[in-house]
Amino acid sequence: MPILLPESSQTANETLTPRQIVAELDKYVVGQAAAKRAVAIALRNRMRRQKLPPELAEEIAPKNILMIGPTGVGKTEIARRLAKLAQSPFIKVEASKFTEVGYVGRDVESMVRDLVELAVEMIRTERIAEVRVKAEQNAEERLLDLLLPPTRPLTPGEEAAGPREAAAPTRDRIREQLRAGRLDARVVELDVREKAFPSLEIIAGTSIEEVGINLNDTMQGLFQGRTKKRKMKVPEALEYLTQEEEQKLIDMESVARAAVERVEQSGIIFVDEIDKIAGREGSHGPDVSREGVQRDILPIVEGTTVNTKHGMVRTDHILFIAAGAFHVSKPSDLIPELQGRFPIRVELEALGKEEFIRILTEPRSALVKQYTALMGTEGITLSFTEDAISTIAEFATCVNERTENIGARRLHTVMEKLLDEISFEGPDLRDKDVVIDEAYVSRMLADIVKNEDLSRYIL
């Protein structure tokens, strides 16, 4: 019998072939065909594994990926978009934030705990969507009880029927008014549950999580039953009651179990800056041992069991995507055991003028579209000529070559400087039709780019 994922993440994987995954990634990330191909195969292989008999599926380890390439070429974006496509729990961590056991800093197991918390929230949101209609109906009934109190004290014999049946015609009339929004100005008094004890955690040992004592969890029961009267307008009361009803309809234990299962079967952890913990030959000084951090990360990548507040989580089938620029160090500087756990290596290419032109115009959230939409909120119609876009790309490439190459991130800096005047003067402009042409780009940027010292600081 095959291992099955929760339906929501299963359907997303099954319907996408590697070619379709690459096509989806192309909508957001320009170029980098080799990296897209590698992640598409890794995602498809995960789906294939879930269709195998359990005894065989257990033996098949995920093919972790190591992305090598300079900053700003799309490493993080590819991993982030992939997780969204797969509807998988996804977390990005920086390898340099973790420290060797015994030093102050985050322990490596916290990446798995954070991933579980994300999965819990993901599944809770899905379950809320499922019960939303029922919760809204229940909330509406409770609000009508507040708006239509019993006209006289009920005798013990009438308690079972309550005021709802007795005042059905009036209740229906008030329901219509409530739905039409005619009661929005009315104020009702609610019993609001007091917030639990402020979140305090006892810190000892190497990490908070290892201690396992959270005062918020321990003391919650003492304060849970307390309520206080609060007045609020009808729309606010309806939203509050809906949220209360949603919580009643959701079984959080079931959510936690589903979250742990989803993390184990389809979680993705993106470890950035892995080159920063690679040992460099001849490095001296009081730095925390880079090799020590690698040895701490190794068991998580190899497959171990991590204790979280939602239960034990096995990391055997979590997909790890590591990335680094590897300017100073190289992948072979990583300890051999860790190298062996990243069998797929892809090199991402540095971006040039042609790629910048495509980044400015092609993706769904292209920078030109973003700025046009932003200025549109002020009533300004912003339009870019082809020559202008080509010149912007040329300036960005030029600055990247002369100073640090920060890839596509340079476009953000250049665009901000280019549109600085329009962004500031925008609300006061009389002529709301603004055309950005080659002459405008040259006027705003040429002097800065020519002066190398200035461009080093400003762009």
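Preceding block: the structure.
Residues numbered from 1 in each chain as written. Predicted model: local features only at pLDDT ≥ 70, side-chain atom pairs only at ≥ 80, totals over all residues. Heavy atoms only, no water.

Engineer: I keep staring at the overall build of the protein chain and nothing clicks. Help me out?
Structural biologist: In terms of helices and strands, the protein chain carries 21 helices and eleven strands. Buried residues in the protein chain amount to 42% of all 459 residues. Pairs at least 24 apart in sequence give 78% of the contacts found in the protein chain among residues at least 6 apart. (Helix = DSSP H or I, 4+ residues; strand = E, 2+ residues; numbered from the N terminus. Buried < 20%, exposed > 50% of the residue type's maximum accessible area, 1.4 Å probe, protein only. Contact = heavy atoms within 4.5 Å.)

Engineer: Help me understand the packing of aromatic side chains, please; the structure alone is not making it clear to me.
Structural biologist: Where two aromatic rings form a pair, the distance of their centres and the angle of their planes describe that pair. Taken as a whole and judged by the stated rule, the model has zero aromatic pairs. The ring of Tyr28 has Arg81 sitting right over it, with the charged end atom 3.9 Å from the ring centre. (Phe/Tyr/Trp six-rings, centres within 6.5 Å; stacked < 30°, edge-to-face > 60°. Lys NZ or Arg CZ within 6 Å of the ring centre and 35° of its normal.)

Engineer: Sorry if this is basic, but what is going on with the nonpolar core here?
Structural biologist: Nonpolar side chains in soluble globular proteins tend to be buried together. Core analysis: the largest hydrophobic core is formed by 61 residues, its most contacted members being Ile321, Phe384, Met415, Leu418 and Ile436. It is helix 17 (residues 386–402) that contributes the most residues to this core, seven residues altogether. Beyond its immediate sequence surroundings of up to four residues, Ile321 is in contact with Val39, Ile65, Met67, Ala79, Leu82, Ile268, Ile269, Phe270 and Val271. Judged by nonpolar contacts, the second largest core, of 42 residues, contains Met111, Ala259, Val263 and Phe342. (Core = buried A, V, L, I, M, F, W, Y, C linked by side-chain atoms within 4.5 Å.)

Engineer: How should helix 11 (residues 234–249) be read in this particular structure?
Structural biologist: Since one α-helical turn is 3.6 residues long, residues separated by three or four positions face the same way. With 16 residues, helix 11 ought to run about 22 Å at 1.5 Å a step, and its terminal C-alpha atoms sit 22 Å apart, in line with that. Buried residues along helix 11 sit in contact with helix 6 (110–147), helix 8 (168–180), strand 3 (187–193) and strand 4 (227–233). (Expected span 1.5 Å × (residues − 1).)

Engineer: I keep staring at a negative patch on the surface and nothing clicks. Help me out?
Structural biologist: A surface patch of negative charge is lined by Glu378, Glu416, Asp420, Glu421, Glu425 and Asp428. At three residues, the largest contribution of residues to the negative patch is made by helix 19 (residues 420–425). (Patch = residues over 30% accessible without salt bridge, like charges linked within 9 Å, V, L, I, M, F, W, Y side chains within 5 Å. Areas by Shrake-Rupley, 256 points an atom, 1.4 Å probe, with all protein chains shown as cover. Salt bridge = Lys/Arg side-chain N within 4 Å of Asp/Glu carboxyl O. Lys, Arg positive; Asp, Glu negative; His and termini not counted. Charge placed at Lys NZ, Arg CZ, Asp CG, Glu CD.)

Engineer: Which parts of the structure should I look at to understand the pairing of strand 11 (residues 433–436)?
Structural biologist: The side chains of a regular strand alternate, residue by residue, between the two faces of the sheet. With burial as the criterion, only one face of strand 11 is covered, namely that bearing Val434 and Ile436; the residues Asp433 and Val435 on the opposite face remain uncovered. When strand 10 (residues 381–384) meets strand 11, the two strands line up parallel, connected through four bridges. Its bridge partner being in strand 11, Ser383 is matched across the sheet by Val435. (Pairing = 2+ DSSP bridges.)

Engineer: How should I be thinking about the sheet that holds strand 5 (residues 268–272) in this particular structure?
Structural biologist: Note: strands within a sheet are paired through backbone hydrogen bonds, in either parallel or antiparallel orientation. Reading across the sheet, the five strands line up as 2-5-8-1-9 and stay open at both edges, with parallel pairing between neighbours. Strand pairing shows two members of the sheet lacking a second neighbour, strand 2 (90–94) and strand 9 (344–347), which therefore form its edges. Each strand axis lies, on average, 20° off the axis of its neighbour in the sheet, ignoring direction. As defined by bridge partners, strand 2 adjoins strand 5 across five bridges and the pair is classed as parallel. Note on strand 5: the bridge partner recorded for Glu94 is Asp272. (Axes fitted to C-alpha atoms, helices over the stretch in contact; angles between N-to-C directions.)

Engineer: Quick question: what am I supposed to make of the pattern of salt bridges here?
Structural biologist: One side chain can pair with another of opposite charge once the charged atoms of both are near each other. A complete count under the given rule lists 33 salt bridges for this structure. Measuring nitrogen to oxygen at the nearest pair gives 2.9 Å for the salt bridge that ties Glu140 to Arg179. Of the two residues, Glu140 is situated in helix 6 and Arg179 in helix 8; the sequence distance between them amounts to 39 residues. Residue classification places Arg179 among the exposed positions, given a relative accessible area of 59%. Put simply, Lys353 and Glu394 hold a salt bridge, and the shortest N to O gap is 3.2 Å. One end of the pair, Lys353, is in helix 15 (residues 353–361); the other, Glu394, is in helix 17, and 41 residues separate them in sequence. On the basis of relative accessible area, Glu394 is assigned to the partly exposed category, the value being 46%. Beyond isolated ion pairs, a larger network of salt bridges with shared partners links Glu140, Glu141, Asp145, Arg171, Asp172, Arg175 and Arg179.

Engineer: I would appreciate a short explanation of helix 20 (residues 438–450) in the present structure.
Structural biologist: The sharpest bend along helix 20 measures roughly 40° and falls at Met444. Tucked into the core, helix 20 has its buried residues touching helix 17, helix 18 (409–418), helix 19, strand 11 and helix 21 (452–458). (Bend = angle between axes of the 7 residues up to and from the residue.)

Engineer: Help me understand the packing of helix 16 (residues 367–376) against helix 18 in this model?
Structural biologist: Packed helices, taken two at a time, are described by the angle their axes make and the gap between the axes. Running from amino to carboxyl end, helix 16 crosses helix 18 at an angle of 35°, the nearest separation of the two axes being 11 Å. Considering the relative orientation of helix 16 and helix 18, their crossing is right-handed. Here Leu367, Val368 and Tyr371 of helix 16 lie close against helix 18, whose contacting residues are Leu411, His412, Met415 and Glu416. Split into classes, the residues belonging to the contact of helix 16 with helix 18 amount to five nonpolar, one polar and one charged. (Left-handed = near helix turned anticlockwise from the far one by under 90°. Nonpolar A, V, L, I, M, F, W, Y, C, P; charged D, E, K, R; others polar.)

Engineer: Even after reading the chapter, I still don't get the layout of surface pockets, so can you show me in this structure?
Structural biologist: To find leftover empty space, a probe the size of one water molecule is rolled over the atoms. In this structure, the second largest pocket occupies an estimated 850 Å³ of space. Looking at the lining of the second largest pocket, the elements that each hand over two or more residues are helix 5 (75–86), strand 2, strand 8 (319–324), helix 16 and helix 18. Considering every element that reaches the lining of the second largest pocket, the biggest residue donor is helix 5, with five residues. Partitioned by chemical class, the residues of the lining of the second largest pocket number 15 nonpolar, eleven polar and twelve charged. (1 Å grid on protein atoms, 1.4 Å probe; cavity = no way out; pocket = protein on both sides within 12 Å on 5 of 7 lines; lining within 4 Å. Points joined across faces, edges and corners; volume = space filled by probe spheres on them.)

Engineer: I would appreciate a short explanation of the side chain of Glu140 in the present structure.
Structural biologist: Glu140 gets classed as buried once you look at its relative accessible area, which sits at 12%. Among the polar contacts made by the side chain of Glu140, one reaches the side chain of Arg175 at a distance of 2.9 Å. Those residues in contact with Glu140, other than ones at most four positions away along the chain, are Arg175, Leu178, Arg179 and Leu238. (Polar contact = N/O pair within 3.5 Å; in protein donor to acceptor, adjacent residues only side chain to side chain.)

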